[in-house]
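Secondary and tertiary structure notes
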Amino acid sequence: MPEDVQALWREFRRTGDPKVRDRLILTYAPLVKFVAGRVGSGLPSHVDDEDLMSYGLLGLIRAIERFDPGRDVKFETYAIPRVRGAIIDELRSMDWVPRSVRGRAREIARAIADLEAKLGRAPTDEEIAAKLGVSQGELEDSLDDISRASVVALDELWTISSGGDQVALIDTIEDTQGPNPQSALDEAELKEAIGEALARLPEREKLVVTLYYYEELTLREIGEVLGVTESRVSQLHTKAILRLKARLGAAAHAFSARE
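These numbers come from a predicted model, not from an experiment. (Residues numbered from 1 in each chain as written. Predicted model: local features only at pLDDT ≥ 70, side-chain atom pairs only at ≥ 80, totals over all residues. Heavy atoms only, no water.)

Moving on, we get to the overall build of the chain. Check the secondary structure of the chain and you find 13 helices and 2 strands. For the chain, the residues scored as buried account for 44% of the 259 residues in total. In the chain, once contacts between residues fewer than 6 apart in sequence are set aside, the share between residues at least 24 apart is 65%. Accessible surface, the chain as shown: approximately 13600 Å² in total, 50% of it carbon and sulfur. (Helix = DSSP H or I, 4+ residues; strand = E, 2+ residues; numbered from the N terminus. Buried < 20%, exposed > 50% of the residue type's maximum accessible area, 1.4 Å probe, protein only. Contact = heavy atoms within 4.5 Å. Areas by Shrake-Rupley, 256 points an atom, 1.4 Å probe, with all protein chains shown as cover.)

Dropping the structure here:
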């Protein structure tokens, strides 16, 4: 962190001066543009980029106000999921994802969870389609609908429920001031569940998740790496997210049953 930015953080923490906060907002505004662009790349064309930027700016402001420069965490690492979360929260509140698509996503996630419990491995597309009573083509059409209509981001979907409460992954692991994680999985249990869920993904889906979230490639770029269309990458990405959600949901249920 440049010395002048460090000085801004020190002054803001000491005084809470709104003018200093505004200077920090200007400093990190490109971060909002980056995150909004990433989220917007998977959304329908009618969603306005400037709206996404304004939603993300609210997340940036909250991150600045809550960040502790004394912690051994870069501000960018702390802020990115919170900016993304603010955008997703606002989009979710608009309720523009068709109910039928949401219901289909839940059905597929439940089918995956049931099959994994029965088979002890990740089910194939053929097995998932058979469980749902549809053809593989119809399953692919559903995945296309979900990927087009949904805000599919790990920070949104890696959320596990227990006893009616929801605990976001990012708050459980990174933010000690966030919600109490004891209502679902504790930190160690959650990290273990995530690692196991990732390890059990089929190889191509695991590669898509790695390239998209860790290497920050676009879906088009991943398609070039894998030699498939962007639409096929989108299907793989959506299946991976639904598998992860199913696995983490099962882990949360098993944990709460032991309590």
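W9, L60, I64, F75 and I87 are the most contacted members of the largest nonpolar core, which totals 27 residues. It is helix α2 (residues 18-40) that provides the largest number of residues to this core, a total of 9 residues. Counting 17 residues, the second-largest nonpolar core is a separate cluster that includes V209, L217, L219 and A240. (Core = buried A, V, L, I, M, F, W, Y, C linked by side-chain atoms within 4.5 Å.)

A complete count under the given rule lists 6 aromatic pairs for this structure. Seen from their ring centres, F67 and Y78 are 5.4 Å apart, and the 50° between their planes marks the pair as tilted. In this pair, F67 is assigned in the loop between α3 (49-66) and α4 (75-94) and Y78 in helix α4, connecting sequence segments 11 residues apart. Classification of Y78 by relative accessible area gives buried; the value is 2%. These aromatic residues form a ring-pair network of at least three members: W9, Y28, F67, F75 and Y78. Geometry around Y78 places R82 over its ring, the cationic atom sitting 3.9 Å from the centre. (Phe/Tyr/Trp six-rings, centres within 6.5 Å; stacked < 30°, edge-to-face > 60°. Lys NZ or Arg CZ within 6 Å of the ring centre and 35° of its normal.)

This next bit is on the side chain of D125. Its location among the elements puts D125 in helix α6 (residues 125-132). In this structure, D125 is in contact with Q136, L139, R232, K239 and R243, ignoring residues within four places of it in sequence.

Structurally, K239 can be placed in helix α13 (residues 230-258). With residues up to four places along the chain from it excluded, the contact list for K239 reads D125, L143, E205 and R232.

A separate point is the confidence of the model for the chain. Confidence in the prediction of the chain, expressed as mean pLDDT, is 77, and 72% of residues score 70 or more. Between the elements of the chain, mean pLDDT differs from a low of 38, seen in helix α9 (residues 169-173), to a high of 95, seen in α6. Note that pLDDT drops below 50 for residues 152-185; the model gives that stretch 83 contacts with residues more than four away or on any other chain. (pLDDT = per-residue confidence, 0-100.)

This part is about the packing of helix α5 (residues 99-119) against α6. Packing of α5 against α6 leaves a shortest axis separation of 10 Å and a crossing angle of 115°. In terms of their interaxial angle, α5 and α6 are classed as roughly perpendicular. Here α5 and α6 pass one another in a crossing that is right-handed. Facing α5, whose interface residues are E107, I108, A111, I112, D114, L115 and L119, α6 presents E127, I128, K131 and L132. Classifying every residue of the contact of α5 with α6 gives 7 nonpolar, no polar and 4 charged. (Axes fitted to C-alpha atoms, helices over the stretch in contact; angles between N-to-C directions. Parallel < 35°, antiparallel > 145°, perpendicular 65-115°, else oblique. Left-handed = near helix turned anticlockwise from the far one by under 90°. Nonpolar A, V, L, I, M, F, W, Y, C, P; charged D, E, K, R; others polar.)

On the surface, D48, D49, E50, D51 and E90 cluster together to form a negatively charged patch. Tracing the backbone through its elements, the reader meets E90 in helix α4. Assessed through its relative accessible area of 32%, E90 is described here as partly exposed. (Patch = residues over 30% accessible without salt bridge, like charges linked within 9 Å, V, L, I, M, F, W, Y side chains within 5 Å. Salt bridge = Lys/Arg side-chain N within 4 Å of Asp/Glu carboxyl O. Lys, Arg positive; Asp, Glu negative; His and termini not counted. Charge placed at Lys NZ, Arg CZ, Asp CG, Glu CD.)

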